[in-house]
Amino acid sequence: MTTDSALFYLFAALLLLASLRVITARSPVHSALYLVLAFFNAACIWMLLRAEFLAIALVLVYVGAVMVLFLFVVMMLDINVERLREGFWKHFPLAAIIGVVIALEMALIVMRGFRLGTAAPADPLLAKFGNTKLLGIEIYTQYLYPLQIAAVLLLVAIIAAIALTLRRRKDSRYIDPADQIKARKADRLRIVPMKPEVAPVAAAAEGAQVAGGKQ
């Protein structure tokens, strides 16, 4: 077994373990952290496949941005885990059947990729430009339309996240910037004249000090 094969099996095993813990962890925060671990292991596998751009993009985009967003949303919404787990075993048989069907479909698709035929000739442009530049050329020429659709979907997701955050709830606190701009000094500060009041204890102490000074 070569070093690359050993590293592949190691990262693949950690990826499967982290993926399993994502759906079995009791805390949503722990699930998000296990998903970060799964992304890191997937990036390591892509590095072994010499797909450096995909590995770096996975770490920067998903781990650095998307997962931080997930953690903020999970902590901000304060999800009641116990309420979500109600009726879990009731719906478990149907969910297990659907999961097995999805796994079989994915296995049928993936197994086609293992049917090795005649190796394609090496592209001379790969040695000249590198896989990162060639990937950019493919994305912005042949796959430009799917890229724009993905961008629109991400924009809709961002708008939905902002709408969920800004919705008015009983326990939510929000500030209207227009009201802040219209505020005047008279609305924020009011000077009220008051007569001085002397506490009896303080007056008695002052009287005793005056009497002691005279003596």
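Just so it is clear, the structure is predicted and the values come from calculations on it, not from any experiment.

About the criteria used
- Residues numbered from 1 in each chain as written.
- Predicted model: local features only at pLDDT ≥ 70, side-chain atom pairs only at ≥ 80, totals over all residues.
- Heavy atoms only, no water.
- Phe/Tyr/Trp six-rings, centres within 6.5 Å; stacked < 30°, edge-to-face > 60°.
- Buried < 20%, exposed > 50% of the residue type's maximum accessible area, 1.4 Å probe, protein only.
- Helix = DSSP H or I, 4+ residues; strand = E, 2+ residues; numbered from the N terminus.
- Contact = heavy atoms within 4.5 Å.
- Axes fitted to C-alpha atoms, helices over the stretch in contact; angles between N-to-C directions.
- Parallel < 35°, antiparallel > 145°, perpendicular 65-115°, else oblique.
- Left-handed = near helix turned anticlockwise from the far one by under 90°.
- Nonpolar A, V, L, I, M, F, W, Y, C, P; charged D, E, K, R; others polar.

J.: Mind showing me how you'd approach the packing of aromatic side chains here?
T.: Centre distance and the angle of the planes are the two values used to describe a pair of aromatic rings. A full pass over the atoms with the stated rule returns 2 aromatic pairs. An angle of 65° between the planes, with centres 5.6 Å apart, marks the rings of Phe 8 and Tyr 9 as edge-to-face. Overall, the relative accessible area of 39% leaves Phe 8 in the partly exposed class. The exposed category is assigned to Tyr 9, whose relative accessible area is 52%. Both rings, one in Phe 39 and one in Tyr 62, keep their centres 5.4 Å apart while their planes meet at 50°; by these two values the pair is tilted. One end of the pair, Phe 39, is in helix H2 (residues 28-48); the other, Tyr 62, is in helix H3 (residues 52-77), and 23 residues separate them in sequence. Judged by relative accessible area, which is 40%, Tyr 62 ranks as partly exposed.

J.: What exactly am I supposed to notice about the side chain of Ser 31 here?
T.: With respect to the element layout, Ser 31 can be found in helix H2. Contact partners of Ser 31, with chain neighbours within four places excluded, come to Arg 21, Val 22 and Ala 25.

J.: Explain the packing of helix H1 (residues 3-24) against H2 here, please?
T.: The relative placement of two packed helices is expressed as an angle between their axes plus a distance between the axes. Orientation of H1 relative to H2, taken along the N-to-C sense of each, is 160°, at an axis distance of 8 Å. Looking at the two axes, H1 sits roughly antiparallel to H2. H2 is crossed by H1, and the crossing has left-handed handedness. Of the residues in H2, those touching H1 at Asp 4, Leu 7, Phe 8, Phe 11, Ala 12, Leu 14, Leu 15, Ala 18, Ser 19, Arg 21 and Val 22 are Ser 31, Tyr 34, Leu 35, Leu 37, Ala 38, Asn 41, Ala 42, Cys 44, Ile 45 and Leu 48. For the contact of H1 with H2, the residue count by class is 16 nonpolar, 3 polar and 2 charged.

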